[in-house]
Each structure stands twice: as structure tokens, then as C-alpha cells.
Amino acid sequence: MRKFTVAMAALLLGLGGAELGARYVLGLGTPPLSVTHPTIEYMFAPNQDVQRFGNRQLYNEFGMRSVGMEEVFQPRRVLVLGDSVLNGGNQTDHADLATTLSTDDKIFFGNVSAGSWGPANMGAWIDRYGFLGADTLVVVLSSHDLRDIPTFAALDPLTHPTRMPVSALVEGVERYLPRYLPASLTATNSAPEKAPEPDATTASTSVQGEAEIRALIDRVGGGGSCACAWCSTRPVRSCRDLAAPQTRWPIT
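Reading the values: the criteria
Residues numbered from 1 in each chain as written. Predicted model: local features only at pLDDT ≥ 70, side-chain atom pairs only at ≥ 80, totals over all residues. Heavy atoms only, no water. Pairing = 2+ DSSP bridges. Helix = DSSP H or I, 4+ residues; strand = E, 2+ residues; numbered from the N terminus. Core = buried A, V, L, I, M, F, W, Y, C linked by side-chain atoms within 4.5 Å. Buried < 20%, exposed > 50% of the residue type's maximum accessible area, 1.4 Å probe, protein only. Contact = heavy atoms within 4.5 Å. pLDDT = per-residue confidence, 0-100. Phe/Tyr/Trp six-rings, centres within 6.5 Å; stacked < 30°, edge-to-face > 60°. Lys NZ or Arg CZ within 6 Å of the ring centre and 35° of its normal. 1 Å grid on protein atoms, 1.4 Å probe; cavity = no way out; pocket = protein on both sides within 12 Å on 5 of 7 lines; lining within 4 Å. Points joined across faces, edges and corners; volume = space filled by probe spheres on them. Nonpolar A, V, L, I, M, F, W, Y, C, P; charged D, E, K, R; others polar. Patch = residues over 30% accessible without salt bridge, like charges linked within 9 Å, V, L, I, M, F, W, Y side chains within 5 Å. Areas by Shrake-Rupley, 256 points an atom, 1.4 Å probe, with all protein chains shown as cover. Salt bridge = Lys/Arg side-chain N within 4 Å of Asp/Glu carboxyl O.

Caption draft 1: Structural view of the pairing of strand β1 (residues 34-37). Looking at chain direction, β1 and strand β2 (residues 41-44) are connected through four bridges and run antiparallel. Within β2, the position partnered with threonine 36 by the bridge is tyrosine 42. Remark: three residues form the turn of the hairpin made by β1 and β2, two consecutive strands paired antiparallel.

Caption draft 2: Representation of the nonpolar core in the model. Formed by 29 residues in total, the largest nonpolar core has its most connected members in Met64, Leu79, Trp117 and Trp125. Those elements that provide at least two residues to this core are β2, β5 (76-82), β6 (107-113), α4 (119-129), β7 (136-141) and α7 (200-220). At five residues, α4 tops the list of elements feeding residues into this core. Ignoring sequence-local partners within four residues, the contact set of tryptophan 117 consists of Ile40, Tyr42, Met43, Gly82, Asp83, Val112, Met122, Trp125, Asp145 and Asp148. Counting seven residues, the second-largest nonpolar core is a separate cluster that includes Val80, Leu86, Ile107 and Phe109.

Caption draft 3: Seen up close, the confidence of the model for the chain. When pLDDT is averaged along the chain, the result is 81, and 77% of the positions lie at 70 or above. Mean pLDDT across the secondary structure elements of the chain bottoms out at strand β8 (residues 226-231), with 50, and peaks at β2, with 98. Segment residues 245-252 is flagged for pLDDT under 50; beyond a separation of four residues in sequence, or across chains, it makes 21 contacts in the model.

Caption draft 4: Spatial organisation of the packing of aromatic side chains. According to the stated counting rule, one finds four aromatic pairs in the structure shown. When the ring of phenylalanine 62 is compared with that of tyrosine 129, the centres are 5.4 Å apart and the planes differ by 75°; the resulting orientation is edge-to-face. Here the residue phenylalanine 62 occupies a position in the loop between β4 (55-59) and β5, and tyrosine 129 occupies one in helix α4, the gap between them amounting to 67 residues. The residues phenylalanine 62 and tyrosine 129 share a single accessibility class, namely buried. Site record: aromatic cluster; members linked through ring pairs are Phe62, Trp125 and Tyr129. When the ring centre of phenylalanine 53 is taken as reference, the NZ or CZ atom of arginine 52 above it lies at 4.9 Å.

Caption draft 5: Fine view of the layout of surface pockets. Considering only enclosed or pocket space, the largest pocket measures out at about 370 Å³ in volume. As for the largest pocket, its lining consists of 21 residues, and the residues nearest its centre are Phe44, Gly89, Asn90, Thr159 and Arg175. Of all elements in the fold, only β4, α2 (84-87) and α5 (168-176) reach the threshold of two or more residues within the lining of the largest pocket. Of the residues that constitute the lining of the largest pocket, the class distribution is eight nonpolar, eleven polar and two charged. There is about 300 Å³ of room inside the second largest pocket. Lining of the second largest pocket is provided by 13 residues; of these, Pro157, Pro161, Arg163, Pro165 and Glu174 occupy positions nearest its centre. Taken together, the residues of the lining of the second largest pocket break down into eight nonpolar, one polar and four charged.

Caption draft 6: Examining a nonpolar patch on the surface more closely. Taken together, the side chains of Met1, Phe4, Met8, Leu11, Leu12 and Leu15 define a hydrophobic patch exposed on the protein surface, amounting to about 670 Å² of accessible area. Structurally, leucine 11 is set in helix α1 (residues 2-25).

Caption draft 7: Just the environment of alanine 98, in detail. With respect to the helices and strands, alanine 98 occurs in helix α3 (residues 98-102). Look at alanine 98 and you get buried, because its relative accessible area is 4%. In the structure, alanine 98 is positioned twelve residues away from glycine 110 in sequence and 9.9 Å away in space, judged by C-alpha atoms.

Here it is as C-alpha cells:
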């Protein structure tokens, strides 16, 4: 009986130590959460301030990766819309974001972004929340956004969690451990899927994507707001050069 008690105590201490290590050393257990939306498809949940892998993840009342709008004192506001290229993800601290580094006493750069967002998501966000007093809007896009059409499918909890995990250790096992296991341990018995061949559906999706981009340009160009569009496939390091009052667009 005593050996069993000692073994259980050792197990509990081991699990407790692993939980503390996963939470405070690895930074697990507090992922920034996403929420579904009937028109935007999904976005980061408003009013979050969590630590992730040692990096601060701050989302304001509009789901922007920025400080609360009541804290903005700058006379000029610029909204920057994009996907993970702009958002920075869990590996980027709030202080190291391009929008944070570009903000000074005269101009506030607001970060409106979420992983895998496309023009339709961005446009729907504008329809829902407006320009928030901004006189310029920067759109960060890349070529794959032509095929980025919202599906409104259920969010994958491994990439877009909607609730906090039971524990940091459980999150590490479920979300990250499979990445480091041999493929033979995670492979299924089903035949591998072949990449779809280019067809009329793909072409139709590209046309729809181009229409969404044009609709986004029309949307941000109205109401006296100044639209500035920028195409990029690299992480955004500075927003100041992108905020010039002009539109740069390769589509003719």
C-alpha cells in the first residue's frame, strides 16, 4: 500500500511539474482564441491579453491585434488589414509587430488581421466595424488570396482554437506532439489524397477571388477614405512606407 501511495505521489508530482513546465517554460495553455462570425467567417475573439511562448498576444475590443481604441491619442489613424503575414502569430510579441513599431505620437497603425484571411474576410470586417476614424487603409495581400474564398466551415481547434485547453500539458500533447512523431505513427490507413488538377472550378475560384479583391478596393475607396493596397509574400516589418495616399495594385 505504501509503495502504491509513493508511486501515485510521484506520478502526481511529475504531472504537476510537467504542467508547470508546459505553461511557464514552453508558454502553452493560453492560446489566443478565435470566434466564428456570420459575415466575417472568423476572427480573433475581442478583449484578449495572453502570453504565448513568452510573447504577449493582445487583441482589443474589435478583435484587432492592437491596443484598445480608447487608448489611441494620435491625430491620425491608419488601419492595416492582412493575414498571418501581418498578424505575426504566436512567435511575435506585441511590441515587435510592424504596426506597433510603426506607431508614433502622430500616427496610429491598427492591426486588423487573422491567419488565412482573404479579401472577403477583410471587407466583411470593414462592413461590420467601419474605419474607426482612419483616413488611410493598407491592405496586405499576396497571389494566393485569389483563391482564398470563405467557406464558413467549422474551425480546426488545432489551428483556430475557440476555447482554452483543459491544461497546458494536454494542449502540448494534442496540438504539438504529433508534429514531432514519426509519420508512421500519425499516418492513417486511407490512400493519400491527390492534389486536384486545375479545372473550371479552380478558374472560377480565381475569378471570384479577383472579384472580392476589386470589391475590397471599392469598399475602402469610398466615403472619403484613402485606400492603399500592397501586395506582399514576406512578413511586414514596417507600415510607414505603405501608408502613402495611393493605391498600388497589379490587377488591370
